[in-house]
Amino acid sequence: MGDVRSIGEIRGRFQAACEDELPELIDAYEKDERAGVQKMIEGARKRLEALERERVRIEKLRFYEEQYGECEYICGIDEVGRGPLAGPVVAGAVILPKGCRILYINDSKQLSEKKREELYQVIQEKALACAVGYATPERIDEINILQATYEAMRDAIDKLTPQPDILLNDAVTIPGVSVRQVPIIKGDAKSITIGAASILAKVVRDRLMVEYDKVFPQYDFAGNKGYGSAAHIQALKKYGPTPIHRKSFIKNFVDP
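About the cut-offs
Residues numbered from 1 in each chain as written. Predicted model: local features only at pLDDT ≥ 70, side-chain atom pairs only at ≥ 80, totals over all residues. Heavy atoms only, no water. Pairing = 2+ DSSP bridges. Helix = DSSP H or I, 4+ residues; strand = E, 2+ residues; numbered from the N terminus. Axes fitted to C-alpha atoms, helices over the stretch in contact; angles between N-to-C directions. Contact = heavy atoms within 4.5 Å. Buried < 20%, exposed > 50% of the residue type's maximum accessible area, 1.4 Å probe, protein only. Parallel < 35°, antiparallel > 145°, perpendicular 65-115°, else oblique. Nonpolar A, V, L, I, M, F, W, Y, C, P; charged D, E, K, R; others polar. Phe/Tyr/Trp six-rings, centres within 6.5 Å; stacked < 30°, edge-to-face > 60°. Salt bridge = Lys/Arg side-chain N within 4 Å of Asp/Glu carboxyl O. Core = buried A, V, L, I, M, F, W, Y, C linked by side-chain atoms within 4.5 Å.

Undergrad: Looking at this structure, how should I read the sheet that holds strand 4 (residues 166-170)?
TA: The pairing of strands in a sheet comes from backbone hydrogen bonds and takes either a parallel or an antiparallel form. Overall, mixed pairing links the 5 strands, which are arranged 3-2-1-4-5 in an open sheet. Either end of the sheet is taken by a strand with one partner, and the two such strands are strand 3 (129-135) and strand 5 (180-184). Between one strand axis and the next, the sheet turns by 20° as a mean value, whatever way the strands run. Relative to strand 4, strand 1 (residues 74-80) runs parallel, the two being bridged by 4 bridges. Residue I77 lies in a different strand from strand 4, and its bridge partner there is N169. Strands strand 1, strand 2 (89-95), strand 3, strand 4 and strand 5 of the sheet are contacted by helix 8 (residues 192-215), whose axis makes an angle of about 40° with strand 1.

The following block contains the structure:
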C-alpha cells in the first residue's frame with residue numbers, strides 16, 4: 001500500500017476535509033483494511049449522504065422562488081419577537097440572487113444559535129439586499145403588537161436597495177405596501193428567502209437582547225431574550241418593569 005500514514009494522521013485528514021474533498025479521500029483509503037480507517041470512510045460516506053439530503057431539501061425550499069421566477073427581486077419577510085414581554089419586535093427582509101442556494105437555511109427556531117450566527121454571515125455576504133426593521137416596546141403598547149409588526153416589516157422593506165418586485169411573507173399580508181405580496185403559511189420553513197429573513201431578524205434581535213442584559217442584568221435577557229420564562233417573571237415581580245418591558249404585555253404580572 002502506497003500510503004502508510006498512521007490512523008491518527010488519516011483521521012486528521014478526514015476531519016479537516018470539506019465535503020468536496022471527501023470522495024477523493026474515500027478513494028485513497030477505501031482499500032485500507034484497518035478497522036479504524038474503514039470507520040472513517042463509513043463516516044465520510046454518511047456525511048456525503050447527509051449533504052445530498054440537504055441539497056434536495058434546499059431545492060424544495062426554492063419552490064416559491066422558482067414559481068415567481070419572472071420577478072427580478074424576490075424578497076422574503078419575517079418577524080421575530082411578537083411574544084416576548086420585553087424588547088422590540090424585529091422584522092427581517094432579504095433579497096437573494098436568482099438561483100441562490102444557501103445550505104441549512106431553515107426556520108430560525110429550528111436552528112442552533114451557532115448555526116444561526118454562521119448562516120447570518122453567509123446571508124450578509126450573498127444577499128443582494130437585506131435590512132431589518134424595528135418597532136419599540138413603546139410603539140407596541142401604543143398601536144398593539146400586530147400593527148407594530150406590520151410597521152417593523154414596512155420599515156425593513158423601505159430600507160432595501162433595490163426595492164423588491166414581490167414579497168414572500170410568513171403568513172401575513174402587510175397593509176400599506178404597494179408591492180405584490182404572497183403570504184405563505186409557515187413560510188420560514190417553506191421558502192429559502194423567508195427562512196433567510198427569519199435568521200436575519202432572529203440574530204439581530206438576540207444580539208440586541210444580550211446588550212440589554214448588560215444594562216438590566218437581573219432579568220437574564222441574554223438567556224430568555226425577553227420571553228416570559230419563570231425566572232424572568234419572578235425578576236419582574238421582584239424588581240419591577242424596565243423601560244424595555246411592554247406595559248401591555250406585563251399587566252397580568254405587575255402593575256406597569
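Undergrad: Just checking my understanding: could you explain the environment of I157 for this structure?
TA: Counting through the fold element by element, I157 comes out in helix 7 (residues 145-158). Residue I157 is classed as buried on the basis of its relative accessible area of 3%. Distance in space between the C-alpha atoms of I157 and V94 is 8.9 Å, their sequence separation being 63 residues.

Undergrad: I would appreciate a short explanation of the packing of helix 1 (residues 7-16) against helix 3 (residues 35-61) in the present structure.
TA: Each pair of packed helices can be summarised by the angle the axes make with each other and by the distance between the axes. At a minimum axis separation of 10 Å, helix 1 and helix 3 run at an interaxial angle of 5°. By the angle between their axes, helix 1 is roughly parallel relative to helix 3. Within the contact between the two elements, helix 1 uses I7, I10, R11 and F14 and helix 3 uses G36, V37, M40, I41, A44 and R47. For the contact of helix 1 with helix 3, the per-class residue count stands at 7 nonpolar, 1 polar and 2 charged.

Undergrad: Would you explain the packing of aromatic side chains in this entry?
TA: By convention here, two paired aromatic rings are described through the distance between centres and the angle between planes. Summed over the entire model, instances satisfying the criterion amount to 4 aromatic pairs. Here the aromatic rings of F14 and Y29 are separated by 6.2 Å at their centres, their planes lie at 50°, and the arrangement is tilted. Taken together, the positions of F14 in helix 1 and Y29 in helix 2 (residues 22-29) put the pair 15 residues apart, joining distant regions of the chain. Each ring, one from Y219 and one from Y239, has its centre 6.2 Å from the other, and the planes form 65°; the classification is edge-to-face. Of the two residues, Y219 is situated in the loop between helix 8 and helix 9 (221-224) and Y239 in helix 10 (residues 230-239); the sequence distance between them amounts to 20 residues.

Undergrad: Would you take a moment to explain the pattern of salt bridges for this structure?
TA: A side chain with one charge may pair with a side chain of the opposite charge, provided their charged atoms come close. If you walk through the whole model with that rule in mind, you get 17 salt bridges. A salt bridge links R101 to E59, with the nearest nitrogen and oxygen atoms 2.4 Å apart. One end of the pair, R101, is in the loop between strand 2 and helix 5 (113-126); the other, E59, is in helix 3, with 42 residues separating them in the sequence. Looking at E59, the relative accessible area reads 37%, which means it is partly exposed. The closest approach of N and O atoms between R180 and E70, which form a salt bridge, is 3.6 Å. Highlighted residues: R180 in strand 5 and E70 in the loop between helix 4 (63-67) and strand 1, separated in sequence by 110 residues. The class of E70 is exposed, set by a relative accessible area of 57%. Taken together, the shared-partner salt bridges in this structure form one network comprising D107, K109 and D188.

Undergrad: What am I meant to see in the nonpolar core here?
TA: In summary, soluble globular proteins display a tendency toward joint burial of nonpolar side chains. Ranked by internal contacts, the top residues of the largest apolar core, which has 23 residues, are V94, L96, I102, I105, I123 and I199. For this core, the secondary-structure elements that each account for two or more residues are helix 3, strand 2, helix 5 and helix 8. Among the elements that take part in this core, helix 8 stands out by supplying 8 residues, more than any other. If we skip the residues at most four places from it in the chain, I102 touches I58, L96, L119, V122, I123, K126 and I192. Y150, M153, V172 and I174 belong to the second-largest nonpolar core, a separate cluster that totals 22 residues.

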